[in-house]
Amino acid sequence: MPEPTKKDDVPNGQPEESVAPDSNGAPPLPEISLEVSPPPEAVAEGKEPVETDGEKPEATEPEPIQAVVAQEPSPTENGSNQPQPGVVGVKEQAESANTTVKEEGACSPPPPDDDNAATTTPSPTPPAEETNSIKKLSIDLPNDSVPVAAMGRKDSVWSLGEGQAPEDLDKPIDTPPLSTLLIERPQSGSVSVGGDITFVAKVEAKDLLRKPTIKWFKGKWMDLASKTGKHLQLKETFDRFTKIHTFEMHIIKAKDNYAGNYRCEVTYKDKFDSCSFDLEIKEAEQGSQNIDIRSAFKRSSEGQEDAGELDFSGLLKHRNQREPKQQDDTPEVDVWEILKKARPDEYEKIAFMYGITDLRGLLKRMKKIPKEEKKSEAFSKKLEPAYQVDKGGKIRLVVDLADPTVELKWYKNGQEIRPTPNQRKYIFEHKGTQRIMIINNCTMNDDAAYAVAAGDEKCTTELFVKELPIKIVKGIEPVKTTVNERIELECEVSEEGAQVKWMKNGVEVPTGVRSRYRVKCEGTKHYLVIDDATRDDTGTYSVMATGGTSEAHVQVDLKPLKVYQDLQDITVMLGQPIKLHCEIYPGNVPGRWYRNGQLVQPNDRINIIHRNKVHRIEIESSSLHDAGDYTFVPEGYSQSLSAKIHIIDPPRVHLDSLNFPDNTVTVVAGNKLRLEIPISGEPAPRVVWMKGERVILESGHRVRAETYGDQTSLTIEVTERDDSGNYKIVLQNEAGEATASVKIKVVDIPDPPDAPLVPVVGGDWCSMTWDPPKYDGGSPILGYFIERKKKQSSRWMRLNFDLIKETLFEPKKMIEGVPYEVRIFAVNAIGVSKPSEPSKAFTPLAVTSEPTMLVVDDVTDTTVTVKWRPPETIGAAGLDGYLVEYSIEGTNDWTVSNKELTEKTKYTITGLTPGSKILVRVKAINAAGASAPRTLQHSILVKEVIEPPKIRVPRHLKQTYTRKVGETVNLVVPFLGKPRPKVTWLKEGKPIEPSHVSIRNTDCDSIIFIRKAERSHSGKYDMTVQVENHVDTAIIDIQIVDLPGPPQCVTIEDVWGGNVALVWTPPKDNGNAPITGYTIQKADKKTMEWYTCLEHYHRTCITVTELVVGNEYYFRVFSENMCGLSETATQTKKSALIVKEGLQMKNPEYSDHDFKEAPKFTQPLINTFAIAGYNTTLNCSVRANPRPKVIWMKNKIIILDDPRYRMFSNQGVCTLEIRKPSPYDGGVYTCKAINDLGEAQVDCKLEVKVQTQEL
């Protein structure tokens, strides 16, 4: 059946809703796709559906699938990324008999340019008996949500597929012709709820230079690329032998709402092909009626992924617990029937009454029970789903009422239609039980959603208004004219207000704000006006309406001219200035400059100059848009001058569009990786992929790089761990070179951790620790599993079922005296690692006895050394070490001195306060814990002997220490002395600024650190070490060197034959290092390309020989020291002309032109209206030389130091910004420009309006 007319198909129709990747009309970003294919074993094997004649294909399990992750702009509505509307409305319609579906042909033509902005509407409903057998709805994929307010809206209806009409079921289906790109098209199929199905499309690539683009749609416009997930996966493969691209769409665990019409579109350059197919979802058998839901829903995990699924664990029999069955006299109760008959607000009460705890799972299960359709009580016949009428025609909407006494109300787009006596737009008629609404003289405003309400019931429909074709009554006539004349083309159409399209040579004429073409309409007459005709306006012009076209030829002739100097073709680097000039006679003829046929206007960047015979255009900084054919057209003449400007652009790599953090791409080991990156450059650059020093070739088998158009791609068929690393992209063209790097991270299951350690052992427990695995698989470690076994046994027992986040654990309930072993499993997002090596066997044992014979060995100002003997009783657990503690005399607070156990029987306590008295005790530690402490009987006085200081200067610091500017200086100077010496540093006798040089002192050395050395850091540093009255000093000489400056002056002393004598003076700045030589270069004045004559030259004069006679040369000299060549060179101001002996030429002298002029405003101020509270600006432009002083005045009063005003002046453009003006800021504003040659001023009036708020 034909499809209803869409609003976008009507020439004058305005779409209510637009869906486009970008609402502002900007071109979409380059597509970057990342193809990730899981291992074959990750997905169950299956077969493709097979279709037989006259039968629906049976559902079969799909083949192994591969996921394709592609970044494409998601469809947006009205320019925003809001959830797609209409899902809830479609679901509700699927449960009723009045399911609205839409038909789509087997093969669709290429979509129009505004296909993304098209608004779709549903088609008429098939008969009620067909709606229960096949449900075709939109796919309810993750993250699809619809606000309640969007339900029932016309612009919220999704585009759906439509089944065959009943009268067409017996008709034979015509096989569509073979498509131009698709050699195998996806076929319609059916699958049961929860089953899998695969659709396959194949494209032959023998005549294709690159991979075609394929898109999968559901309905009209739902792009399924953004809906991939656990229920929908897309796969692309390419057979290099048969040259066939295979595209597959896998639907996994199908649901009821997956049914509907689907479409596959294939695009390659200017070729397009598409094909549609249907998916039928068969109802699964309901087996819930024979299940005791009171037991099944008691243990369901509410709120998790499996909520609502039946849980039969409560119905299983327990083998170890056999109890006699108790007779239950309670009669059998069918809870399902009670729930079906109850209202939704009574579900919770019934569930509580019969002991059902998983209410959420029960509600989810209730939704899957098919509902019986309720017969309408108010309507015996409802409105049709959709109506269509021609514009200006009449339409009748008829309903039959079961009760003629019921009050009826009609609505249009939710607004009630009320009859009025004076207008005959809507006519309401009553014929028995029929209620009729007649709409006369239908216009495009009547294209809307209509509804009729009878009591509490309502039925809806949609009206589509089809616009009649517009005919051309009077066609356009041929025109012949000359340049700079006005052209007006006139035509007349059959209807006022009709839209027509003006074409030139088959291309639509641009009619924007900046276009040369203007269109106007006066009643039924339409005009195309060209005010200032040029020769380019010659051509065939046509006007197109929906009902016909008219065309005519326009001839524009030009008016001879003398050209003294023509325009010259040039090549310019991007960003460099452009200068074009020509010389014509007569000199007072004005003209216009065109670029690619478009008029060039002067602005801040483009300057157009006309002086006498010379016409010149100068562009300050070139851009890619400045390239093209430039034409100078003198006014009133039939001749023009043309030149071509070619702009070259260095290559660039656009990594920003990857949307990967830190340019890092993550892929699971064993999967396929395809990384596409946009590139740019003019001309197209040569691309090289590298990993380290290895170049990746296009002919690689597993790893290959490909480049086509504006993209370059890296493909790894089966990723491995070794593929991780930084990949470098090098782009080269004649404009330069660019590099970029992308990090590829291959993730895998982690390596097994090292064997765990058991530091503490108790009587029936232990404390175990371990280190994370050396390789985490590229994915963070989520936790660990721990297993334990007896040493003599081979059976491991899992100790935890929830992941442990930390790297320590305490196993318990062990048998004392029995040796055990433990091992670790690491878990990340990819999976579980192999087990670690077992720990060393350990046996739960008791602690040792206390240490013996604790005595003092040595005392200093800050340390105390003690020693002791091992415990008398150690036991089977052994001895792990000792713990030393101390406390200040008079307190009971004990401080641990050694953070780690010491195995020696001697230990030094540090960090003590001189003159204090402390008590010391020692504990023995083993796997079972700490023993009882052994404490000194008497306190110890902390005091040490003085040792004079001594600085031990390293050998390399006894000489001058030299470093380059920007390098790091890190010097360590050791010294001796007790107690801790006081260290001071001086530079040239002055204290050192901590912000410039960092100094850190310890007990035994002093460190001087400079992160980035500068010339100012050079000098002699004095180091002083003092212990009371004892002092030792040392001097460190640091020299920071830098690149030298250029020579001061380079002059040409003499020119004879092919020789030139040069003389220069050494540079002012030698970079804090002796000058080691000079480099001399020469350049021909014509090309200004520099060539090196001599390097590492030590003298300050030289004779350059073997110069070419007839050429004129410039020379420049670089200075050099130990750091290298100077950054700049000194060039000779004059050039050396190599002339043939006996011939001399005297250069003519020219006087400079005087550019001085008094101020003159080229753009005056304009009277402005401003809104109170919103910033406004006043702009004008002035030309003067020298630069004038600009003064702003309000009501003849100069504006000075007022924070509400900001004044700018840039390239002669003067701007006054008024911040949040009020009505008091209105008045007359004046801009005055003054210089030595005169002054000028302009005025304007500013009016500030207060915005009123509407109630």
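Refer to the preceding data block for the structure.
This write-up is about the structure you can find in this document.

The rules behind the values
Residues numbered from 1 in each chain as written. Predicted model: local features only at pLDDT ≥ 70, side-chain atom pairs only at ≥ 80, totals over all residues. Heavy atoms only, no water. Helix = DSSP H or I, 4+ residues; strand = E, 2+ residues; numbered from the N terminus. Buried < 20%, exposed > 50% of the residue type's maximum accessible area, 1.4 Å probe, protein only. Areas by Shrake-Rupley, 256 points an atom, 1.4 Å probe, with all protein chains shown as cover. Polar contact = N/O pair within 3.5 Å; in protein donor to acceptor, adjacent residues only side chain to side chain. Contact = heavy atoms within 4.5 Å. Pairing = 2+ DSSP bridges. Salt bridge = Lys/Arg side-chain N within 4 Å of Asp/Glu carboxyl O. Core = buried A, V, L, I, M, F, W, Y, C linked by side-chain atoms within 4.5 Å.

1. Points about the overall build of the protein chain
- Regarding its fold elements, the protein chain presents 6 helices and 90 strands.
- Looking at the 1255 residues of the protein chain, the share that counts as buried comes to 40%.
- A total accessible area of about 72,600 Å² is found for the protein chain, and carbon and sulfur atoms account for 49% of it.

2. A short note on the side chain of Asp1225
- Within the secondary structure, Asp1225 sits in the loop between β88 (1213–1218) and β89 (1227–1235).
- At 2.6 Å, the side chain of Asp1225 forms a polar contact with the side chain of Arg1204.
- Sequence-distant contacts of Asp1225, that is, excluding residues within four places in its chain, are made with Lys1194, Arg1204, Tyr1205, Ile1218, Lys1220, Leu1246 and Val1248.

3. Concerning the sheet that holds strand β83 (residues 1168–1171)
- The strand order β83-β90-β89-β85-β86 describes an open sheet built from 5 strands, whose pairing is mixed. Of all the strands in the sheet, the pair left with one neighbour each is β83 and β86 (1197–1198).
- Strand direction decides the pairing type here: strand β85 (residues 1189–1194) and β86, joined by 2 bridges, are antiparallel. When the bridges of β86 are listed, Met1193 appears paired with Ile1198.

4. Some details on the sheet that holds strand β71 (residues 1019–1027)
- Pairing in this open sheet of 5 strands is mixed, and the strands run β65-β72-β71-β67-β68 from one edge to the other. The open sheet is flanked by β65 (961–964) and β68 (990–991), the only strands paired with a single partner.
- Examined bridge by bridge, β71 and strand β72 (residues 1030–1041) share 9 bridges and lie antiparallel to one another. Bridging across to β72, Gly1019 finds its partner in Ile1038.

5. Details of the pattern of salt bridges
- Counted according to the given criterion, the structure contains 44 salt bridges.
- A salt bridge links Lys923 to Glu885; the shortest N-O distance between them is 3.9 Å. Of this pair, Lys923 sits in strand β60 (residues 917–926) while Glu885 sits in strand β57 (residues 881–888); the two residues are 38 residues apart in sequence, bridging distant segments of the chain.
- Salt bridges linked by common partners bring Arg674, Glu676, Arg704, Glu706 and Glu717 together as one network.

6. A short note on the environment of Lys1196
- Turning to its location among the elements, Lys1196 is positioned in the loop between β85 and β86.
- According to the relative accessible area criterion, Lys1196 is exposed, its value standing at 56%.
- Among all residues touching Lys1196, those that are not within four sequence positions of it are Thr1230, Gln1241 and Asp1243.

7. A word on the pairing of strand β87 (residues 1205–1210)
- For β87 and β88, the ladder comprises 6 bridges, and the chain directions are antiparallel. Counted as the bridge partner of Arg1206 is Glu1217 from β88.
- The hairpin turn running from β87 into β88, its antiparallel successor, is 2 residues long, and Gln1211 in that turn takes a positive phi close to 55 degrees.

8. Observations concerning unusual backbone geometry
- In this model, Glu682 is joined to Pro683 through a cis peptide bond whose omega is 0 degrees.
- Relative to the assigned elements, Pro683 resides in the loop between β42 (673–682) and β43 (686–691).
- The residue Lys1220 is not glycine, and still its phi comes out positive at about 45 degrees.
- Inspection of the secondary structure assignment puts Lys1220 in the loop between β88 and β89.

9. Concerning the nonpolar core
- Of all hydrophobic cores here, the largest spans 29 residues; its most connected members are Phe199, Trp216, Met249, Ile251, Tyr262 and Leu279.
- At the level of elements, β7 (197–204), β8 (213–218), β10 (232–239), β11 (244–251), β12 (260–268) and β13 (271–282) are the ones that each hand at least two residues to this core.
- Not counting residues up to four positions away in its chain, the partners in contact with Phe199 are Pro186, Gln187, Ser188, Gly189, Trp216, Phe247, Glu248, Met249, Ile251, Phe277, Asp278 and Leu279.
- Core analysis: the next-biggest nonpolar cluster, separate from the first, contains 24 residues, Leu655, Val665, Leu673 and Ile729 among them.

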